[in-house]
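Residues per chain are reported as follows:
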Amino acid sequence: MGEAVEMQALMTGNKEFDERLGSLVAGFEARIAGLTRELERERELMAELVARVERTQSQLLQSEKMAAIGQLAAGVAHEINNPVGFVGSNLGSLGSYVDRLFSLLAAYEQLEQALPPEHPARAAIAKAREAAELDYLREDIPDLLRESADGLSRVKHIVNDLKDFSRSDAGEWQEADLNRGLESTLNVVWNEIKYKAQVVREFGELPNVRCIPAQINQVFMNLLVNAAQAIDTSGTITLRSGASDEQVWIEIIDTGKGMSPDVQARIFEPFFTTKPVGKGTGLGLSISSDIVKRHKGVLEVHSQPGAGTRFRIVLPLRTADAEQQPAGT
C-alpha cells in the first residue's frame, strides 16, 4: 500500500516536472523565435541602410559629375563666346566690304560699256571677267556670307544653351520655362541623337514652374539619352508639353524597342539596367525619379516591346513644401 502511494506521488511529481519543463522549453522556443524575428528585421533594416548608403553615394557621385559637366560647359561656352563675337563682327564687316566692291565693279562695268567694241582694254576686261567667273561670284559670295551667318547664329544658340544648362544659380529654386530647358538640354545632348532620330516638337504653352532647373534638366538629359539609346538604327523622338490649372507635363516619346512589363516594373530601381556591362550604371532613371519626387511630381512610363516608350513628367506649378527639403535628400 505504501509503495503504491509513493509510486503515485512519484508519477505526479514526474508529470508536474514534465509540464514545467515543457513550459520552460516552449518559453525558450518562443523567446528564440522572437529573437530570430528581431534579428531578421535588423538584418533587413541593415541591408536597406547599406543599399540606401550605396544609392546616396552613387547619387552624390552623379551629382558631382553633373556639377563638373556644368562647370566644363560654362567654361567651354565662355571660351567659344569670344571668338564667336569677333567672327560675327568680321562677317558683318566682310559683307559691307563685298557690297562696296560689287558697287565698284558695277561702276567699272559702266566704263567698260563706254569703250568702243574694238578697244583692246575692253577685250582684256572681258577675258579677266571670264577667268574670274565674276557673274558666278556675284551670286555665290552673298550665299556664302548668308550661310556663314546662319552657322554662326547656330553656334551662338548652342553657346547660349550651354550657358543656360550650366548657369551658376541653377541649383536654386526659381521660376523656369520648361520648354526652354528641354530645348537647351536637347542641344547639349544633340550629338547622341542626331545620327539616330528625327526630333518632333509638339510644345504647348507652359507657365513658368517653380523648380530647381539644373535638376529638371538632368531628368530631361537622362530621358533624352535613354530615348536615343532605345533606337537601334533610326527612328523618331517626340517632345510634347502641356499644362492645366495646377500642373504641367512633359512627354518624351521614342519609337525604339520598348520594354516588357517585367522591365518596366524595375526601371526605377537603383543599379537596375538592361544595358551591357560598362554601358550604364542603372542610376539615370532612379535619380530622375527621385528628382521628380522631390519636386512633388510624378514620373510615369508606358511602353510595349517593339512599339517604343513614353515617359511623362508631371510637375505641380508650385512646390513650396519641396523647397524645405535639402537638394540632395
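So, here is what we can say about the structure in this document. None of the values given here were measured: they were computed from a predicted structure.

**Re the overall build of the protein**
- Looking only at helices and strands, the protein has eight helices and seven strands in total.
- Considering the protein as a whole, with its 329 residues, one finds that 31% of them fall into the buried category.
- Counting contacts in the protein only where the partners sit at least 6 residues apart, residues at least 24 apart contribute 73% of the total.
- Looking at the protein as shown, the accessible area adds up to about 20,800 Å², and 56% of this sits on carbon and sulfur atoms.

**Quick word on the packing of helix α6 (residues 213-230) against helix α8 (residues 284-294)**
- It is the contact of α6 with α8, at a shortest axis distance of 9 Å, that shows an interaxial angle of 145°. Remark: the crossing between α6 and α8 carries left-handed chirality. Residue-level contacts link Gln215, Ile216, Gln218, Val219, Asn222, Leu223 and Asn226 of α6 to Gly284, Leu285, Ile287, Ser288, Ile291, Val292 and Arg294 of α8.
- Here the residues of the contact of α6 with α8 sort into seven nonpolar, six polar and one charged.

**So, a nonpolar patch on the surface**
- Judged by side-chain polarity, Leu101, Leu104, Tyr108 and Leu111 come together as a nonpolar surface patch covering roughly 430 Å² of accessible area.
- Within the fold, Tyr108 resides in helix α1 (residues 2-114).

**Remarks on the nonpolar core**
- Counting 38 residues, the largest nonpolar core has Leu178, Ile193 and Ile313 as the members making the most contacts within it.
- In terms of residues, this core owes the most to one element, α6, which gives nine residues.
- Ile313 has contacts with Val219, Phe220, Leu223, Val248, Trp249, Ile250, Val292, Val298 and Leu299, leaving out every residue within four places of it along the chain.

**A short note on the sheet that holds strand β7 (residues 309-316)**
- Across the sheet, which stays open at both edges, the five strands sit in the order β2-β4-β5-β7-β6 with mixed pairing between neighbours. Where the open sheet ends on each side, the last strands, each with one partner, are β2 (197-202) and β6 (298-303). Ignoring strand direction, the axes of neighbouring strands in this sheet form an average angle of 15°.
- Two elements, β2 and strand β4 (residues 235-243), share six bridges in a ladder whose sense is parallel. Within the sheet, the bridge partner assigned to Glu202 lies in β4 and is Arg240.
- Most of the contacts of helix α4 (residues 178-188) go to strand β5 (residues 247-254), to which it runs at about 30°, and overall it touches β2, β4, β5 and β7.

**What to know about the packing of α4 against α6**
- Contact geometry for α4 and α6: axes closest at 9 Å, N-to-C directions at 50°. Put simply, α4 runs oblique to α6. Seen along the crossing, α4 lies across α6 with a hand that is right-handed. Mapping the contact onto sequence places Leu178, Gly181, Leu182, Thr185 and Leu186 in α4 and Ile216, Asn217, Phe220, Met221 and Leu224 in α6.
- Its residues assigned to classes, the contact of α4 with α6 shows seven nonpolar, three polar and no charged.

**A look at α8**
- Most of α8 is tucked away: eight of the 11 residues are buried.
- Among all positions in α8, only Leu285, Ser286, Ile287, Ser288, Ser289, Ile291, Val292 and Arg294 are buried.
- Trailing α8 by a residue or two, Lys296 shows a phi angle of about 60°, which is positive.

**Overview of α6**
- The first and last C-alpha atoms of α6 sit 26 Å apart over 18 residues, in line with the 26 Å expected at 1.5 Å per residue.
- Here α6 lies mainly inside the structure; 15 of its 18 residues are buried.

**Examining the pattern of salt bridges**
- Summed over the entire model, instances satisfying the criterion amount to eight salt bridges.
- Linking Arg146 and Asp143 is a salt bridge whose minimum nitrogen-to-oxygen distance equals 2.2 Å. Highlighted residues: Arg146 and Asp143, both in helix α3 (residues 134-165), separated by three residues, approximately one helical turn.
- Classification of Asp143 by relative accessible area gives partly exposed; the value is 30%.
- With its nearest N and O atoms 2.9 Å apart, the salt bridge here joins Arg310 to Glu251.

**A short note on the pairing of β7**
- Counting buried positions over the eight residues of β7 gives seven, a clear majority of the element.
- Note that β5 and β7 share eight bridges and pair antiparallel. Across the sheet, the residue bridging to Asp254 is Thr309, located in β7.
- For β6 and β7, the ladder comprises six bridges, and the chain directions are antiparallel. The residue bridging Leu299 from the neighbouring strand is Ile313, located in β7.
- If you look at the hairpin formed by β6 and β7, you'll find five residues sitting between the two strands, and Gly306 has a positive phi there, around 80°.

**Brief notes about the environment of Trp190**
- For Trp190, the location among the structural elements is in helix α5 (residues 190-193).
- As for Trp190 and Ala228, which are separated by 38 residues in sequence, their C-alpha atoms are 9.8 Å apart.
- Sequence-distant contacts of Trp190, that is, excluding residues within four places in its chain, are made with Arg154 and Val199.

Cut-offs applied
- Residues numbered from 1 in each chain as written.
- Predicted model: local features only at pLDDT ≥ 70, side-chain atom pairs only at ≥ 80, totals over all residues.
- Heavy atoms only, no water.
- Helix = DSSP H or I, 4+ residues; strand = E, 2+ residues; numbered from the N terminus.
- Buried < 20%, exposed > 50% of the residue type's maximum accessible area, 1.4 Å probe, protein only.
- Contact = heavy atoms within 4.5 Å.
- Areas by Shrake-Rupley, 256 points an atom, 1.4 Å probe, with all protein chains shown as cover.
- Axes fitted to C-alpha atoms, helices over the stretch in contact; angles between N-to-C directions.
- Left-handed = near helix turned anticlockwise from the far one by under 90°.
- Nonpolar A, V, L, I, M, F, W, Y, C, P; charged D, E, K, R; others polar.
- Patch = residues over 30% accessible without salt bridge, like charges linked within 9 Å, V, L, I, M, F, W, Y side chains within 5 Å.
- Salt bridge = Lys/Arg side-chain N within 4 Å of Asp/Glu carboxyl O.
- Core = buried A, V, L, I, M, F, W, Y, C linked by side-chain atoms within 4.5 Å.
- Pairing = 2+ DSSP bridges.
- Parallel < 35°, antiparallel > 145°, perpendicular 65-115°, else oblique.
- Expected span 1.5 Å × (residues − 1).

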